[in-house]
Amino acid sequence: MAAAGRSWGGGIYQIGVEDNGLLVGLSEEEMKASLHTLHRMAEKVGADITVLREREVDYDNDSPRKITEVLIRKVPDNQQFLDLRVAVLGNVDSGKSTLLGVLTQGELDNGRGRARLNLFRHLHEIQSGRTSSISFEILGFNSKGEVVNYSESRTAEQICESASKMITFIDLAGHHKYLKTTIFGLTSYCPDFAMLVVSANTGIAGTTREHLGLAMALKVPFFLVVSKVDLCAPPTVDRTLRQLERTLKQPGCNKVPFMVRTEDDAVTAAQQFAQSPNITPIFAISSVTGESLDLLKVFLNILPPLTNCREQEELMQQLPEFQVDEIYTVPEVGTVVGGTLYSGVCKEGERLVVGPTDSGSFLPLKVCSIQRNRSACRVLRAGQAATLALGAFDRSLLRKGMVLVSPEMMPTVCWVFEAEIVLLFHATSCRRGVQVTVHVGNVRQTAILEHIHGKDELRTGEKAVVRFRFIKHPEYLKPGTKLLFREGVTKGIGHVCSLQAITTESGHL
Ligand SMILES: Nc1nc2c(ncn2[C@@H]2O[C@H](COP(=O)(O)OP(=O)(O)OP(=O)(O)O)[C@@H](O)[C@H]2O)c(=O)[nH]1
């Protein structure tokens, strides 16, 4: 039996393939016996098995011989389910929210926005029909690979309970005016993958190219979904597909498009995509007729999380660090922060410190309760998004971009840092003294470009080490973190290489 999976406690296994890759196949009886043994082995270790596909092989034999591919899923002992994050990108009106509505609510759309209604968060979104803030939607798969979603009036808690794999979609806004939200979502929520939605009737339009560029610059592997195929004649759909394939193959992109037309393709696409993010699976679907949605579900069910078990274990061994992305006041609960636990483990009742404040200090607080996907949770693990209730902690002391960390940690807080950057685009040239918006993880703040090492100015495509100074308050940064900056048409990417840390010990109260 050959394994084609990864090291997260499961994977895809091929029965009937020798370890040297020879496709010998098994007779029907041998296959039955092998599957039976595999089921027994899996039961012992608490894993689930789903048969993905069977193929006949020609191997010097008169009787038919087959190869069977099975998906083995073992949920780590310390975790409720496998967790995968997918950022959803796409131009305005490409059908992102509708697709999410259909996947997570289990009801098709009527072409006039019925499916997306469930997803809106703010009143003005319902009125204008645009998604302005980042929202999370969940889609579960049970051990048989069947979808578990809000259909049959399930609650988020029930979905979490019966799912062995959970996909959290991060719905990033498509309208250009919300570009900063899109960048924030990609840099701050550490998605495993991005799903770029393109409408079949418009093709590449508006922000599509920019989103594609952002996913590539931030090295988030992405797949494409061409939506609304029911609205166009087949030649129009083909034209959009060809346009996308051409763009993906361009030297700047260097991707290998993989059109998914059958269930078999969906299995292969998930396997290959997980091994090489250069492969870009493309689905052509309709949220109104439901065409090819099953292929997308097969793909999402098989897709393994990007961070493997070992990386996850390492992150969990570190001290807790929670990045604050949202701040709310909830009646009878008090101050609540939403965000992601970057490292460590955080328990209900834990005492942490939050900061940096404007003076660079950290303030003590207690995590009163934790919620994930709108249901209570006692322990939060690295990589998981959640909301933490902080009781009576004064909301006005908090801001997005802060971190909640262990009091034992010495966070590196700075006003000034150096970064190695590449200028992606600038109308003329970029000089000392310009102000740009810098995005680093969940930090977003205006900074002054104070110094360009070895140069007076920077032109499009040039690389340099530069020094930035935040203008409002100091921030918690770590060397090596990816960075993105922009101001009007100016855009650049890079990473933090060093920082001038200010002393924070005195701030620990
Ligand atoms: N016929 C048809 N209409 C669709 C399909 N998908 C979405 N629509 C319609 O297209 C319109 C826009 O869809 P949305 O899901 O709101 O688009 P969006 O990309 O989320 O837009 P923003 O949130 O503004 O970025 C809605 O009226 C949907 O009903 C589809 O597959 N077929």
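The chain is annotated in an unreviewed UniProt entry as Tr-type G domain-containing protein of Staurois parvus. Its UniProt record gives the chain a comment under Sequence similarities (unreviewed entry), which states: "Belongs to the TRAFAC class translation factor GTPase superfamily. Classic translation factor GTPase family. EF-Tu/EF-1A subfamily."

Draft legend 1. Looking closely at the overall build of the chain. Along the backbone of the chain there are ten helices and 31 strands. Per-residue burial for the chain yields a buried fraction of 55% across its 509 residues. Excluding contacts between residues fewer than 6 apart, the proportion of contacts in the chain whose partners are at least 24 apart in sequence is 68%. For the chain, the computed accessible surface area is about 22,800 Å², with 49% contributed by carbon and sulfur atoms.

Draft legend 2. Region of the structure containing the sheet that holds strand β16 (residues 351-355). Pairing within the open sheet is antiparallel, and its eight strands lie in the order β17-β16-β22-β13-β14-β21-β18-β19. Two strands lie at the open edges of the sheet, namely β17 (363-366) and β19 (375-376), each paired on one side alone. Alignment of strand β14 (residues 334-343) against strand β21 (residues 385-389), held across five bridges, turns out to be antiparallel. The residue of β21 that forms the bridge with G339 is A386.

Draft legend 3. Fine view of unusual backbone geometry. With omega at -5 degrees, the peptide bond leading from G355 into P356 counts as cis. Relative to the assigned elements, P356 resides in the loop between β16 and β17. Although it is not a glycine, N254 adopts a positive phi angle of roughly 55 degrees. Tracing the backbone shows N254 in the loop between α7 (234-249) and β11 (256-259). Not every positive phi belongs to a glycine, and E332 is a case in point at roughly 70 degrees. For E332, the position within the fold is in the loop between β13 (321-330) and β14.

Draft legend 4. Structural detail: α7. Helix length check: α7, at 16 residues, gives a terminal C-alpha distance of 22 Å against a target of 22 Å (1.5 Å per residue), a fit within 8%. For α7, the full list of buried residues reads V237, T240, L241, L244, T247 and L248. The buried residues of α7 occupy one face: seen down the axis, they fall within an arc of 125 degrees. Away from its buried face, by an angle of more than 90 degrees, α7 presents the exposed residues P235, R239, R246 and K249.

Draft legend 5. The arrangement of the packing of aromatic side chains in detail. One pass over the full model with this rule turns up nine aromatic pairs. A centroid spacing of 6.1 Å and a plane angle of 90 degrees characterise the contact between F223 and F273, whose relative ring orientation is edge-to-face. Of this pair, F223 sits in strand β10 (residues 222-227) while F273 sits in helix α8 (residues 263-275), and the two are 50 residues apart along the sequence. Note on F223: relative accessible area 0%, which makes it buried.

Draft legend 6. Local environment of the pairing of strand β5 (residues 82-90). Of all nine residues in β5, nine are buried; the element is thus mostly enclosed. Here β5 shows a buried face lined by L82, L84, V86, V88 and G90 and a second buried face lined by D83, R85, A87 and L89. Bridge count between β5 and strand β8 (residues 165-171): seven bridges; the pairing is parallel. Within the sheet, the bridge partner assigned to D83 lies in β8 and is M166. Examined bridge by bridge, β5 and strand β9 (residues 193-199) share five bridges and lie parallel to one another. Residue pairing in the sheet places L89 in a bridge with L196 of β9.

Draft legend 7. Main features of a nonpolar patch on the surface. Among the surface-exposed residues, Y328, V330 and V333 lie close enough to one another that they form a single nonpolar patch of about 220 Å² accessible area. Turning to its location among the elements, Y328 is positioned in strand β13. For Y328, a relative accessible area of 36% gives the class partly exposed.

Draft legend 8. Local environment of the packing of α8 against helix α9 (residues 293-302). Where α8 contacts α9, the two axes come as close as 8 Å, and the packing angle between them is 35 degrees. You can see that α8 and α9 cross each other, and the crossing is right-handed. The residues of α9 that touch α8, namely those facing E263, A266, V267, A269, A270 and F273, are L295, V298, F299 and I302.

Draft legend 9. Seen up close, the pattern of salt bridges. Overall, the coordinates contain 13 salt bridges when judged by the stated rule. The salt bridge partner of E69 is R53, with a shortest N-O separation of 2.5 Å. Residue E69 is found in strand β4 (residues 65-73), and its partner R53 is found in strand β3 (residues 48-57); the two are separated by 16 residues along the sequence. Here the two residues E69 and R53 agree in accessibility, since each one is buried. Residues K478 and E321 are paired through a salt bridge, measuring 3.3 Å at the closest nitrogen-oxygen approach. Linking K478 in the loop between β29 (475-476) and β30 (482-487) with E321 in strand β13, this pair joins segments that are 157 residues apart in sequence. Taking the relative accessible area as the measure of exposure, K478 reaches 25% and is therefore partly exposed. Several salt bridges share partner residues, and in doing so they unite R53, E69 and D264 into one network.

Draft legend 10. How the structure looks around the environment of L315. The residue L315 is located in helix α10 (residues 309-317) in this model. Remark: the alpha-carbon pair of L315 and S343, spanning 28 residues in sequence, is separated by 5.0 Å. Residue contacts for L315: discarding those within four places in its chain leaves Y342, S343, G344 and A382.

Procedures and definitions
- Residues numbered from 1 in each chain as written.
- Predicted model: local features only at pLDDT ≥ 70, side-chain atom pairs only at ≥ 80, totals over all residues.
- Heavy atoms only, no water.
- UniProt positions renumbered as here; feature names shortened; annotations may be inferred.
- Helix = DSSP H or I, 4+ residues; strand = E, 2+ residues; numbered from the N terminus.
- Buried < 20%, exposed > 50% of the residue type's maximum accessible area, 1.4 Å probe, protein only.
- Contact = heavy atoms within 4.5 Å.
- Areas by Shrake-Rupley, 256 points an atom, 1.4 Å probe, with all protein chains shown as cover.
- Pairing = 2+ DSSP bridges.
- Expected span 1.5 Å × (residues − 1).
- Arc of directions from axis to C-beta.
- Phe/Tyr/Trp six-rings, centres within 6.5 Å; stacked < 30°, edge-to-face > 60°.
- Patch = residues over 30% accessible without salt bridge, like charges linked within 9 Å, V, L, I, M, F, W, Y side chains within 5 Å.
- Salt bridge = Lys/Arg side-chain N within 4 Å of Asp/Glu carboxyl O.
- Axes fitted to C-alpha atoms, helices over the stretch in contact; angles between N-to-C directions.
- Left-handed = near helix turned anticlockwise from the far one by under 90°.

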